[in-house]
Amino acid sequence: MKHTIAVIVENKPGVLTRISGLFSRRGFNIESLSVGATDNPAYSRMTISVEGDDVVLEQVVKQLSKLINVIRVSRLDPQESVERELAIIKVSANKDTRSEIMQIVSVFRARIIDVSPRSLIIEVTGDEKKVDALQQMLRQFGIKEMARTGKVSMVRGSKVVQAGP
Amino acid sequence: MMVRMTGAEAIIECLRREGVEVIFGLPGGVLLPLYDALYSSDMRHILVRHEQAAAHAADGYARATGRVGVCLATSGPGATNLVTGIATAYMDSVPIVAMTGQVNTGLIGKDAFQEADITGITMPITKHNYLIKSSRDIPRVFREAFYIARTGRPGPVLIDLPRDITVDELEFDYPEINLPGYNPSTKVHQLQIRRAAEALMAAERPVIYAGGGVRYANAHEELFQLATRLNAPVTTTLMGMGCFPTDHPLSLGMLGMHGTKYANLAVQEADVLLAVGARFDDRVTGKIASFAPKARIIHIDVDAAEIGKNVRVDIPVVGDAKIALTELLKHVQQRPWTEWNEKILSWKREYPLRYTRDENVIKPQFVVEKICELCPDAIIVTEVGQNQMWAAQFFKHKDPRKFITSGGLGTMGYGFPAAIGAKVGRPECEVIDIAGDGSFQMNIQELATAVVNDIPVKIAILNNGVLGMVRQWQTLFFGKRYSHTTLGDVPDFVKVAEAYGAVGLRATKPSEVEDVLREGLASDRPTVMDFIVHRDEKVSPMVPAGASLSEILELES
């Protein structure tokens, strides 16, 4: 089973290593991890996607909370959260296939951000399944390169996960 | 008013403010500015012969005194030599601050001479660690490091000190602690305390299982009150040894792989098991699936991550053991002595710890019993292996800070340097390292440290010429194929001791044991007592690895 957790950490060197080291050392299965600064530059927010049962998830949360640089750990209920991932995909294209690809891109409400005689770069945001589906559709044309950010997630409504009380 | 000083002077000032009395260390190139500052301070420094011993000595000092132990090693190989000692302290939750030298900040990452990424290396075996990049950060980092090491679940903290930050000047200001991500729990959840109290009062067959957390929280008196009020039998882990007097009628001694048969039977039959400051280590539980199968489990631990890590817990209580037990005592009343207590007494009569006495060959258990008889108040430190288990089983432990042993990591070579640290911390106590000949040889060079610094520890070697515990497993599980566990002609430990300037004594017959011990204990110098014991003596009883606690074997020698 997949779980998503949001982790607020101090924005200091080595913190990412502490987090990723904890996962490998304790044998937790980490699926994706994305990091970026928060509105307060002293803190970063990580969204971590973990595979495992509830016992594993509980240990992940508790072990992360033990780290001195970790300010807050919060499980995100997928039913009550918005989840997004960004991918940019470089796909082979020529004059015969370009318009078909553009149609697919349009259906997925993705965007073309670079065009060359033999390739296109496509930008897509959405939940994991949407990105997977677009990737699947583009595979027939030849995916030359792809970069996915991993998931970022946030609880709907006024509830917040932040450093302060 | 702020005072201007060098980084090295600031480090000494921080140590002074944290109440540090002694540093165990060994200098090296990048530490020269710090050692120079040390030279003009009144801080006591004990020069070891190997950095591993510095870490173990700081650890032994911390366990014996309850204060934070401090060790110091130079960059690269000096730092990596601390690793075993830091890992040992981490597994047993011992508060130490390890300082390491580092190459100049400008050289970091360039594979400079004697450079090692020690913060990277020790990340998984420290509670926290620091690489100081600017001398201005020294006061804050030292303050945080000592605070983190000794609060909550204690543990080792490492501070890496590049050479240039010890030379650069700073305005010294000792700041307040500001660690938003670190809030060691000081309160307990009242509802959980009431649930725990109700479960204990309703129990017909309660058992208390106490670990090292009781010792670290100084909660042994509360534990005693709770146990006697409930008439609940108490078993302790290796780390919890001494938290409950082993000669008390409610004592079950140690549980687990080499625990008493009656402790293991009691745990398997218990209907409520109260674990206090213990972490359900595999050496304690045996096969997890069949551990305490009839019991509701209450788990008190200061580290929330320990609860539910290894076993299912019915009633979790996160908090310091002393606070939690004090709160629990408010809700429990006196329970009568019951059939359960009688049952346990009958098990204790039926399955006592025992060994076959021999008039011709020294039995290691006999040596331990004699040590206990002649010096019941000694601080007992052990090496790892059979010697450790016999010391746990046959010494009557009654004081929580007087049994010092490497439990979690099982570090051979730990005992002797840890004994040096314990003796430095508590010079008024007799400190005896119960050793094996294998383990003792792993840090035997520290005889020089003990002699030169006039630290009169006593080493009692249970000398069987083999790596005894591993050999025991080979005997039982590998058809007596003794692959590389025979040490052969071990050195003449009496001569070794004398070569280092220590006292060396030997007993080869049971009739000589008491005289050697009396002479050794009367000595005011570091003294090695070499007891030649039989190599086939086994630690009994034993639960084979991975078996259930019910499958405990009583072994004949």
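Residues numbered from 1 in each chain as written. Chains lettered and ligands numbered in written order. Predicted model: local features only at pLDDT ≥ 70, side-chain atom pairs only at ≥ 80, totals over all residues. Heavy atoms only, no water.

Let's shift gears to the overall build of chain A. Regarding its fold elements, chain A presents 4 helices and 9 strands. Moving toward the C terminus, one meets the helices and strands of chain A in the order β-α-β-β-α-β-β-α-β-β-α-β-β. Within chain A, the fraction of its 165 residues that count as buried is 41%. Considering only contacts within chain A whose residues lie at least 6 apart along the sequence, 73% involve residues at least 24 apart. Surface accessibility of chain A: about 9,200 Å² in total, with carbon and sulfur atoms responsible for 51%. (Helix = DSSP H or I, 4+ residues; strand = E, 2+ residues; numbered from the N terminus. Buried < 20%, exposed > 50% of the residue type's maximum accessible area, 1.4 Å probe, protein only. Contact = heavy atoms within 4.5 Å. Areas by Shrake-Rupley, 256 points an atom, 1.4 Å probe, with all protein chains shown as cover.)

Turning our eyes to something else, we now look at the packing of aromatic side chains. Two descriptors summarise a pair of aromatic rings, namely the distance from one centre to the other and the angle between the planes of the rings. Residues and elements named next belong to chain B. Here the structure, examined in full by the defined rule, presents 12 aromatic pairs over all chains. With a centroid separation of 5.5 Å and an interplanar angle of 85 degrees, the aromatic rings of Tyr-355 and Phe-394 are classed as edge-to-face. Here Tyr-355 is found in the loop between helix H15 (339–350) and helix H16 (364–374), whereas its partner Phe-394 is found in helix H17 (residues 386–394), with 39 residues between them in sequence. According to the relative accessible area criterion, Phe-394 is buried, its value standing at 8%. Counting every residue linked through ring pairs, the aromatic cluster contains Tyr-209, Phe-280 and Phe-291. Positioned above the aromatic ring of Tyr-351 is the side chain of Lys-261, whose terminal nitrogen or guanidinium carbon lies 4.2 Å from the ring centre. One Lys or Arg, Arg-471, reaches over the ring of Tyr-482 and ends 3.9 Å from the middle of that ring. (Phe/Tyr/Trp six-rings, centres within 6.5 Å; stacked < 30°, edge-to-face > 60°. Lys NZ or Arg CZ within 6 Å of the ring centre and 35° of its normal.)

Feature annotation in UniProt places "domain: Thiamine pyrophosphate enzyme N-terminal TPP-binding" (unreviewed entry) on residues 5–119 of chain B, given in this structure's numbering. In residues 5–119 of chain B, the share of helix is 43% and the share of strand is 20%. The end C-alpha atoms are 26 Å apart. (UniProt positions renumbered as here; feature names shortened; annotations may be inferred.)

What follows covers the side chain of Asp-59 of chain B. Residues and elements named next belong to chain B. Following the sequence through the fold, Asp-59 ends up in helix H3 (residues 51–65). Residue Asp-59 is classed as buried on the basis of its relative accessible area, which comes to 0%. Not counting residues up to four positions away in its chain, the partners in contact with Asp-59 are Thr-88, Ala-89, Val-94, Ile-96 and Tyr-414.

We now examine the packing of helix H12 (residues 261–269) of chain B against H15 of chain B. All names here are of chain B. Two numbers describe how H12 lies on H15: the axes approach to 9 Å, and their chain directions differ by 150 degrees. As far as their axial angle goes, H15 and H12 are roughly antiparallel. As H12 packs across H15, the resulting crossing turns out to be right-handed. For the pair H12 and H15, contact is made by Tyr-262, Leu-265, Ala-266 and Glu-269 and by Trp-340, Ile-344, Trp-347 and Lys-348, respectively. (Axes fitted to C-alpha atoms, helices over the stretch in contact; angles between N-to-C directions. Parallel < 35°, antiparallel > 145°, perpendicular 65-115°, else oblique. Left-handed = near helix turned anticlockwise from the far one by under 90°.)

For the rest of this paragraph, the subject is unusual backbone geometry. All names here are of chain B. The omega torsion of the bond from Ser-540 to Pro-541 falls at -5 degrees, within 30 degrees of zero and hence cis. One non-glycine residue, Asp-111, adopts positive backbone phi at about 55 degrees. Within the secondary structure, Asp-111 sits in the loop between strand S5 (96–102) and helix H6 (118–122). Despite not being glycine, Asn-231 shows a phi value in the positive range, around 50 degrees. In this fold, Asn-231 is placed in the loop between helix H11 (220–230) and strand S10 (234–236).

This brings us to the nonpolar core. All names here are of chain B. One finds Phe-24, Phe-440, Leu-447, Val-457 and Ile-459 to be the most contacted residues of the largest nonpolar core, which totals 53 residues. Take this core: its biggest share by element is 8 residues, from H3. Setting aside anything within four residues of it in sequence, one finds Ile-459 in contact with Phe-416, Asp-433, Ala-435, Phe-440, Leu-447, Thr-527, Val-528 and Met-529. Counting 39 residues, the second largest nonpolar core, distinct from the first, contains Ile-148, Ala-149, Tyr-174 and Leu-179. (Core = buried A, V, L, I, M, F, W, Y, C linked by side-chain atoms within 4.5 Å.)

So, about the domain arrangement of chain A. Residues and elements named next belong to chain A. Structurally, chain A comprises domain 1 (2–76) and domain 2 (82–152). Its C-alpha centre places domain 1 at a distance of 29 Å from the equivalent point of domain 2. Across the contact, 8 residues belong to domain 1 and 6 residues belong to domain 2. Surface buried jointly by domain 1 and domain 2 totals about 460 Å² across both partners, of which 40% is contributed by carbon and sulfur atoms. Broken down residue by residue, the surface that domain 1 buries against domain 2 is led by Thr-4, Ser-34 and Thr-47, which jointly contribute 55%. Here domain 1 is connected to domain 2 by 1 salt bridge. Residue Lys-2 pairs with Glu-128 through a salt bridge whose shortest N-O separation is 3.7 Å. Summed over the shared surface of domain 1 and domain 2, the result is 3 residue pairs in polar contact (both at pLDDT 80 or more). Contributions of two or more residues to the side of domain 1 that touches domain 2 are made by strand S1 (2–10), strand S2 (29–37) and strand S3 (43–51). Examining the composition of the side of domain 1 that touches domain 2, we find that 4 residues originate from one element, S2, more than from any other. Classifying every residue of the side of domain 1 that touches domain 2 by side-chain character gives 1 nonpolar, 5 polar and 2 charged. (Domains from an automatic or database assignment. Buried area = accessible area lost by both parts, 1.4 Å probe. Salt bridge = Lys/Arg side-chain N within 4 Å of Asp/Glu carboxyl O. Polar contact = N/O pair within 3.5 Å; in protein donor to acceptor, adjacent residues only side chain to side chain. Nonpolar A, V, L, I, M, F, W, Y, C, P; charged D, E, K, R; others polar.)

What follows is about H15 of chain B. Residue and element names in this part refer to chain B. Compared with the 16 Å implied by 1.5 Å per residue over 12 residues, the 16 Å span of H15 between its first and last C-alpha is a close match. Considering only its buried residues, H15 is in contact with strand S9 (206–210), strand S11 (251–254) and H12. Where H15 starts, the residue carrying a side-chain oxygen 3.2 Å from the main-chain nitrogen of Trp-340 turns out to be Thr-338. (Expected span 1.5 Å × (residues − 1).)

Here we take up the pairing of strand S12 (residues 272–276) of chain B. Residues and elements named next belong to chain B. Within S12, 5 of the 5 residues are buried, which leaves the element mostly enclosed by the surrounding structure. Burial along S12 is two-sided: Val-272, Leu-274 and Val-276 facing one way and Leu-273 and Ala-275 facing the other are all buried. Sheet topology note: the S9/S12 ladder contains 5 bridges and is parallel. By the bridge assignment, Ile-208 is partnered in S12 with Leu-274. Here 5 bridges tie S12 to strand S13 (residues 296–301), and the two strands are oriented parallel to one another. Within S13, the residue paired with Val-272 across the bridge is Arg-296. (Pairing = 2+ DSSP bridges.)

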